[in-house]
Number of protein chains: 2
Amino acid sequence: MSSKRIAGPEIERLIQLLAKVPGLGPRSARRAALHLIKKKEQLLIPLSAAMGEAVEKVKVCSTCGNIDTADPCTVCTDPRRDGSTIIVVEDVADLWALERSAALSARYHVLGGTLSPLDGIGPDDLTIDKLVARVAEGGVTEVVLAVNATVDGQTTAHYITDRLADFEARVTRLAHGVPVGGELDYLDEGTIAAALKSRTAF
Amino acid sequence: MSSKRIAGPEIERLIQLLAKVPGLGPRSARRAALHLIKKKEQLLIPLSAAMGEAVEKVKVCSTCGNIDTADPCTVCTDPRRDGSTIIVVEDVADLWALERSAALSARYHVLGGTLSPLDGIGPDDLTIDKLVARVAEGGVTEVVLAVNATVDGQTTAHYITDRLADFEARVTRLAHGVPVGGELDYLDEGTIAAALKSRTAF
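Quick caveat: nothing in here was measured; it's all calculated off a predicted structure.

### As for helix α5 (residues 92-101) of chain B
Two residues of an α-helix separated by three or four positions point the same way, owing to the 3.6 residues in each turn. Within α5(B), the full set of buried residues consists of V92(B), L95(B), W96(B) and E99(B). On an axial view of α5(B), the arc spanned by its buried residues comes to 95°, and they lie on one face. Packing partners of the buried residues in α5(B) comprise α1 (9-18) and α2 (26-38) of chain A together with β2 (67-68), β3 (82-89) and β4 (106-110) of chain B. Residue D91(B) occupies the N-cap position of α5(B), its side-chain oxygen lying 2.9 Å from the main-chain nitrogen of A93(B). Positive phi appears at A102(B), one or two residues downstream of α5(B), with a value of about 50°.

Here it is in structure tokens:
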């Protein structure tokens, strides 16, 4: 806003904080603040209450690193899930993405990032020790490394594979290939090469 | 999220409400919720508090219709503003946009929309009577109609001009023309015609 005050500091503070929410910028934060204030009963009050509840109740699962209002989390305590398979992900967002695919009903382990020597992120900054401990407890037959297909992600996958080498659990990773709905013309050579190499019977 | 529960209902409710904020959709609301929860101390707690304050303190100015934490609002009570000029806008967002231009230090009047017979919006649904009363009180020498250059906006401008015909206050409107930085090739004929008609000495 201009240097001349046109609204109380409370509204400007709301706009400033909304601008920090991913997906919103300074301009859309103003629009969002106005909309919230206009829809006070339908949106501002419920959203304010939901945030207050999140502040109070949301915690990180001490077993898998998922975010939930219960600890252990809903996923870790779900009896219908196959506890013998652990899917290792970098971030909670990846856990949610995998759940949306609904392809595998397993438990998870959130690493909290990837190994990155350049950024000074070593094994102790991630939950790798905790993962090894979970596998050491027994009952785990497969660890699926669902890390991103980036250099750091693959480095992390190799490191975890080494750490789990002495256990009986099978270590697997996501398949590389052509995305469903993808057009070959728009894909990079690495993906096409991987898809050719892992070709399957039709 | 999938039909299988992966987080407590509080988190899903937060995502659902965030998805209703303009600028966010279902996908970006998930991303925003995760970011808020991860940045609990820096973002979630302050934003939750700011929303709570907005719920409690924000009100509509009974004089001009601006949104503020004081009534009459900061603009209406600012002694440095020229009280003899009232800028009429459709919405609070337009008031903020005009303030950002910092071109005129006047007071405002927020209509709350435009006349729209098709949508059943008549003069009584807007704050036109209040505007006429403000002008009737005296001391107002100019009313600037800063409504949008749409059919409904112009209809509203004509109606207000008629209602203010008996007062001494001059009724003006925003100039039509080429936007600053605009290229003629991309402009519609109506704007170019208006800019030609209102050409000024160089």
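Moving on from the model shown.
### Quick notes on helix α2 (residues 26-38) of chain B
In a regular helix each residue adds 1.5 Å, so 13 residues correspond to 18 Å; α2(B) covers 19 Å between its end C-alpha atoms and thus fits that length. Three or more residues of α2(B) are buried, namely S28(B), A29(B), R30(B), A32(B), A33(B), L34(B), L36(B) and I37(B).

### Describing the sheet that holds strand β4 (residues 106-110) of chain A
Residue and element names in this part refer to chain A. Taken in spatial order, the four strands make up an open sheet running β4-β3-β5-β6, and their pairing is parallel. With one partner strand each, in any of the chains shown, β4 and β6 (170-173) form the two edges of the open sheet. Taking each pair of neighbouring strands and ignoring which way they run, the sheet shows an average axis angle of 25°. Note that strand β3 (residues 82-89) and strand β5 (residues 142-145) share four bridges and pair parallel. Residue pairing in the sheet places I87 in a bridge with V144 of β5.

### So, the nonpolar core
By size, the foremost hydrophobic cluster in this structure holds 76 residues, and its most contacted members are L18(A), L47(A), M51(A), L18(B), L47(B) and M51(B). If sequence neighbours within four positions are ignored, L47(B) has contacts with L14(A), L17(A), L18(A), V21(A), M51(A) and L36(B).

### Details of the interface of chain B and chain A
Each partner contributes residues to the interface: chain B has 60 residues there, and chain A has 59 residues. For the pair chain B and chain A, the summed buried area comes to about 5600 Å², and 71% of that belongs to carbon and sulfur atoms. Linking chain B with chain A are four salt bridges. On inspection of chain B and its partner chain A, the count reaches seven residue pairs in polar contact (both at pLDDT 80 or more). Mapped onto the side of chain B that touches chain A, the elements with two or more residues apiece are α1 (9-18), α2, α3 (40-57), β2, α4 (74-77) and α5 of chain B. Top contributing element to the side of chain B that touches chain A by residue count: α3(B), with 14 residues. The residue inventory of the side of chain B that touches chain A, partitioned by class, reads 31 nonpolar, 10 polar and 19 charged.

### Observations regarding the packing of helix α3 (residues 40-57) of chain A against α1(B)
Running from amino to carboxyl end, α3(A) crosses α1(B) at an angle of 145°, the nearest separation of the two axes being 9 Å. The element α3(A) and its partner α1(B) pack so that their crossing is left-handed. Between α3(A) and α1(B), the contacting residues are L43(A), P46(A), L47(A), A50(A), M51(A), E53(A), A54(A) and K57(A) on the first element and E10(B), R13(B), L14(B), L17(B) and L18(B) on the second. The class makeup of the residues in the contact of α3(A) with α1(B) is nine nonpolar, no polar and four charged.

### Some points on the relation of the copies chain B and chain A
Between chain B and chain A, the superposition needs a rotation of 180° and an axial shift of 0.0 Å, giving an RMSD of 0.0 Å. In the structure described here, the two chain copies are related by an operation that fits a two-fold rotation axis. Rotation axis and chain B: the residue whose C-alpha lies nearest the axis is S48(B), separated from it by 2.8 Å. When the interface residues of chain B are mapped onto chain A, 98% of them again fall at the interface, so both copies present the same face.

### Topic: the pattern of salt bridges
Within this structure, the stated rule accounts for 16 salt bridges over all chains. K38(A) serves as the salt-bridge partner of D91(B), at 2.7 Å between the closest nitrogen and oxygen. Note that D91(B) is positioned in the loop between β3 and α5 and K38(A) in helix α2, a pairing that runs across two chains. Accessibility expressed as a relative area gives 22% for D91(B), which makes it partly exposed. K38(A) gets classed as partly exposed once you look at its relative accessible area, which sits at 48%. We note a salt bridge from E142(A) to R170(A), for which the minimum N-O separation is 3.2 Å. Of the two residues, E142(A) is situated in strand β5 and R170(A) in strand β6; the sequence distance between them amounts to 28 residues. Look at R170(A) and you get exposed, because its relative accessible area is 52%. One network of salt bridges, with partners in common, ties together D78(A), R80(A), R81(A) and E99(A).

### Focus on the sheet that holds strand β5 (residues 142-145) of chain B
All names here are of chain B. Read from one edge to the other, the open sheet built from four strands follows the order β4-β3-β5-β6, with strand pairing classed as parallel. Here the strands that pair on one side only, and so sit at the sheet edges, are β4 and β6 (170-173). Along the sheet, successive strands turn relative to each other by an average axial angle of 25°, direction set aside. The sheet strands contacting α5 are β3 and β4, and the helix crosses β4 at an angle near 160°. Together, β3, β4 and β5 form the strand contacts of helix α6 (residues 128-136), whose direction differs from that of β4 by roughly 150°.

### Here's the deal with the confidence of the model for chain A
Residues and elements named next belong to chain A. Summary statistics for chain A give a mean pLDDT of 91 and a share of 97% for residues scoring 70 or more. Mean pLDDT across the secondary structure elements of chain A bottoms out at helix α8 (residues 189-197), with 87, and peaks at helix α6 (residues 128-136), with 96. Listed scores for the predicted complex are pTM 0.79 and ipTM 0.80.

Scoring rules and cut-offs
Residues numbered from 1 in each chain as written. Chains lettered and ligands numbered in written order. Predicted model: local features only at pLDDT ≥ 70, side-chain atom pairs only at ≥ 80, totals over all residues. Heavy atoms only, no water. Buried < 20%, exposed > 50% of the residue type's maximum accessible area, 1.4 Å probe, protein only. Helix = DSSP H or I, 4+ residues; strand = E, 2+ residues; numbered from the N terminus. Arc of directions from axis to C-beta. Contact = heavy atoms within 4.5 Å. Polar contact = N/O pair within 3.5 Å; in protein donor to acceptor, adjacent residues only side chain to side chain. Expected span 1.5 Å × (residues − 1). Pairing = 2+ DSSP bridges. Axes fitted to C-alpha atoms, helices over the stretch in contact; angles between N-to-C directions. Core = buried A, V, L, I, M, F, W, Y, C linked by side-chain atoms within 4.5 Å. Buried area = accessible area lost by both parts, 1.4 Å probe. Salt bridge = Lys/Arg side-chain N within 4 Å of Asp/Glu carboxyl O. Nonpolar A, V, L, I, M, F, W, Y, C, P; charged D, E, K, R; others polar. Left-handed = near helix turned anticlockwise from the far one by under 90°. Least-squares fit on C-alpha atoms with pLDDT ≥ 70 in both. pLDDT = per-residue confidence, 0-100.

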